[in-house]
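Remarks on the overall topology
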Amino acid sequence: MQSQLYTQYGFGGAIGYELTDAVSLHAFGYYYASNPRVGPAISPYISTTSFGGYANIRFSEDFGSEVGVRRYVNPMSGRWTTSPIVTPYFRVGKRNKVKIGLPLGELLKAAVWGDNDNPLRYRPQPSQPQQKKK
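In what follows, the accompanying structure is described. Remember, predicted model here, so these are calculated numbers, not experimental data.

Turning our eyes to something else, we now look at the packing of aromatic side chains. The tally for this structure, following the rule as stated, stands at 5 aromatic pairs. Each ring, one from F51 and one from W80, has its centre 5.8 Å from the other, and the planes form 55°; the classification is tilted. With F51 in strand β3 (residues 50–58) and W80 in strand β5 (residues 80–92), the pair connects residues that are 29 residues apart, well separated along the chain. A residue is classified by how much of its surface remains accessible, and W80, at 41% relative accessible area, is partly exposed. Taken together, the aromatic side chains of F28, Y30 and Y54 make up a single cluster linked through ring pairs. R70 extends its terminal NZ or CZ atom over the ring of Y72, reaching a point 4.2 Å from the ring centre. The ring of Y89 has K99 lying over it, and the distance from NZ or CZ to the ring centre is 4.3 Å.

Rules of the game
- Here the residue numbers are simple positions, counted from 1 along each chain's written sequence.
- With the structure being a predicted model, the display of local features is reserved for residues of pLDDT at least 70 and the display and counting of side-chain atom pairs for 80 or more, all residues being used for whole-chain, interface and lining totals.
- Each side-chain value is worked out from all heavy atoms of the structure, with water and hydrogens disregarded.
- Between rings of Phe, Tyr and Trp, where Trp is taken as its six-membered ring, a pair exists when centres lie within 6.5 Å; planes separated by under 30 degrees are stacked, by over 60 edge-to-face, and by other angles tilted.
- Numbering of helices and strands runs from the N terminus, with a helix taken as a DSSP run of H or I at least four residues long and a strand as a DSSP run of E at least two residues long.
- Remark: exposure states derive from per-residue accessible area (1.4 Å probe, protein chains only) relative to the maximum for the residue type, with buried under 20%, exposed over 50%, and partly exposed in between.
- Here, over-ring charges are defined by two tests on the NZ atom of lysine or the CZ atom of arginine: distance to the ring centre within 6 Å, and angle to the ring normal within 35 degrees.

Pasting the structure below:
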């Protein structure tokens, strides 16, 4: 796949509902007809089937956080993976037009539950030397 052109088709959508001025709920889902398995260098650029939801909690006009969960097909392993969404953010500029966020979900997941679903964690083990028969 890395040495040829690859076309991927899919569709998706998102919906949101504002509960109060400080809290809004969002749901999303994306479906792709094929979910290829790729290496770690290409995986951030491959879109895969995913769905989830999050709550956007605004603590002030300039600061807030998105908290939720996402389920997606991991492009390196081909398996479904669950990942938390934890993204504190702040807004800058006139009229708060620019939103700068720090996605901490994957770091939190690795710290609390470990990274068992990370295929890069497993390294090839050398085979054991064969024992001579006597």
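There is more to say after this.
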